[in-house]
Amino acid sequence: MNNNTFVHKYIRPLLDKEKTVVDMTAGNGNDTLFLARYAKKVHAFDIDAEALKRTYEKVKDHDNVELHLDSHANIDQYVEKDEVSLFIFNLGYLPNSDHSTPTKANETLKAFQKAYSLLKEKGYIVITFYLRQEGGYDEYYLLDDYIKKNRLQILEAYVQDKIDSPITYIIYKSVKD
Ligand SMILES: C[S@@+](CC[C@H](N)C(=O)[O-])C[C@H]1O[C@@H](n2cnc3c(N)ncnc32)[C@H](O)[C@@H]1O
């Protein structure tokens, strides 16, 4: 099972029509569309206009999606604290493109810190790292170090049994902070 299949299987039971969720990296819109089907409200971010165009084409029949051409590091300008039940980060570059807007370690860390602080209690952050991509290991080490130093709860670490294959963390926030 690849990481995207694992993520969709894992989060399906966590979603319902009362939940607000955020796709922090809209890309081709596959995750946004999945979330739109099962959540009440979806915010989706990308800094690449082409990515948002592709996402729009996928979700245009859903009236519960708001697309934002902005960095996920500005998430605090769009949602309230304790409003969001789940954030999903699918890192790296836009597939089938010139790869000009890959996620960047420091920006991802800033977005992750804000997401965790905004997240509702009993909420989830799902984050997938692509180690083989340029800068992939730097991004993984920076975030992994932050998650471990701050003792965030990792419920699952999913990795296919191949060298350098993508890693997904399911992070759970059990209490209000
Ligand atoms: C692997 S793709 C996401 C795939 C997507 N979730 C899907 O289902 O198709 C990663 C995306 O992150 C976007 N990205 C890079 N930096 C970003 C940032 N600071 N804020 C939001 N999106 C960003 C890229 O432009 C790219 O489209």
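One structure accompanies this document, and this report is about it. (Residues numbered from 1 in each chain as written. Predicted model: local features only at pLDDT ≥ 70, side-chain atom pairs only at ≥ 80, totals over all residues. Heavy atoms only, no water.)

### Looking at the layout of surface pockets
The gaps left among the atoms become clear once a water-sized probe is rolled over them.
In step 1: Taken as a whole, the largest pocket spans an internal volume of roughly 560 Å³.
In step 2: In terms of lining residues, the largest pocket is bounded by 31 residues, among which Thr25, Gly27, Asn90, Gly92 and Tyr93 are the most central.
In step 3: Those elements that place two or more of their residues in the lining of the largest pocket are helix 1 (3-11), helix 2 (30-38) and strand 2 (41-46).
In step 4: Its residues assigned to classes, the lining of the largest pocket comprises 10 nonpolar, 14 polar and seven charged. (1 Å grid on protein atoms, 1.4 Å probe; cavity = no way out; pocket = protein on both sides within 12 Å on 5 of 7 lines; lining within 4 Å. Points joined across faces, edges and corners; volume = space filled by probe spheres on them. Helix = DSSP H or I, 4+ residues; strand = E, 2+ residues; numbered from the N terminus. Nonpolar A, V, L, I, M, F, W, Y, C, P; charged D, E, K, R; others polar.)

### Considerations on the packing of aromatic side chains
In step 1: The tally for this structure, following the rule as stated, stands at 12 aromatic pairs.
In step 2: When the ring of Phe129 is compared with that of Tyr169, the centres are 5.9 Å apart and the planes differ by 75°; the resulting orientation is edge-to-face. Linking Phe129 in strand 5 (residues 123-129) with Tyr169 in strand 7 (residues 167-173), this pair joins segments that are 40 residues apart in sequence. Here the two residues Phe129 and Tyr169 agree in accessibility, since each one is buried. (Phe/Tyr/Trp six-rings, centres within 6.5 Å; stacked < 30°, edge-to-face > 60°. Buried < 20%, exposed > 50% of the residue type's maximum accessible area, 1.4 Å probe, protein only.)

### Thoughts on unusual backbone geometry
In step 1: The backbone phi angle of His99 is positive, close to 60°, even though this residue is not glycine.
In step 2: Here His99 lies in the loop between strand 4 (84-90) and helix 4 (105-118).
In step 3: Judged by its relative accessible area of 36%, His99 falls in the partly exposed class.
In step 4: Phi is positive for Lys122, which is not a glycine, with a value near 60°.
In step 5: In this structure, Lys122 sits in the loop between helix 4 and strand 5.

### Describing the site of the ligand
In step 1: As a matter of local geometry, the ligand sits amid 25 residues, with Thr25, Asn28, Asp31, Asp46 and Thr101 nearest to it.
In step 2: Between a nitrogen atom of the ligand and a main-chain N or O atom of His72, the distance comes to 2.9 Å.
In step 3: About the coverage of the ligand: the protein hides 96% of its 610 Å² of free accessible area.
In step 4: In a pocket analysis with a 2 Å cut-off to the grid points, the ligand is assigned to the largest pocket.
In step 5: Those elements giving two or more residues to the shell around the ligand turn out to be helix 2 and strand 2. (Near = heavy atom within 4 Å. Polar contact = N/O pair within 3.5 Å; in protein donor to acceptor, adjacent residues only side chain to side chain. Areas by Shrake-Rupley, 256 points an atom, 1.4 Å probe, with all protein chains shown as cover. Sits in = over half its atoms within 2 Å of the grid points.)

### Structural notes on the nonpolar core
In step 1: Ranked by size, the top nonpolar core spans 27 residues in total, and within it Met24, Phe87, Phe89, Phe112, Ile125, Ile127 and Ile171 carry the most contacts.
In step 2: Mapped by element, the contributors of at least two residues to this core are strand 4, helix 4, strand 5, helix 5 (136-149) and strand 7.
In step 3: The dominant element in this core, judged by the number of residues it contributes, is helix 4, at six residues.
In step 4: With sequence-adjacent residues up to four places away left out, Ile127 is seen in contact with Phe89, Leu91, Phe112, Leu143, Ile167, Thr168, Tyr169 and Ile171. (Core = buried A, V, L, I, M, F, W, Y, C linked by side-chain atoms within 4.5 Å. Contact = heavy atoms within 4.5 Å.)

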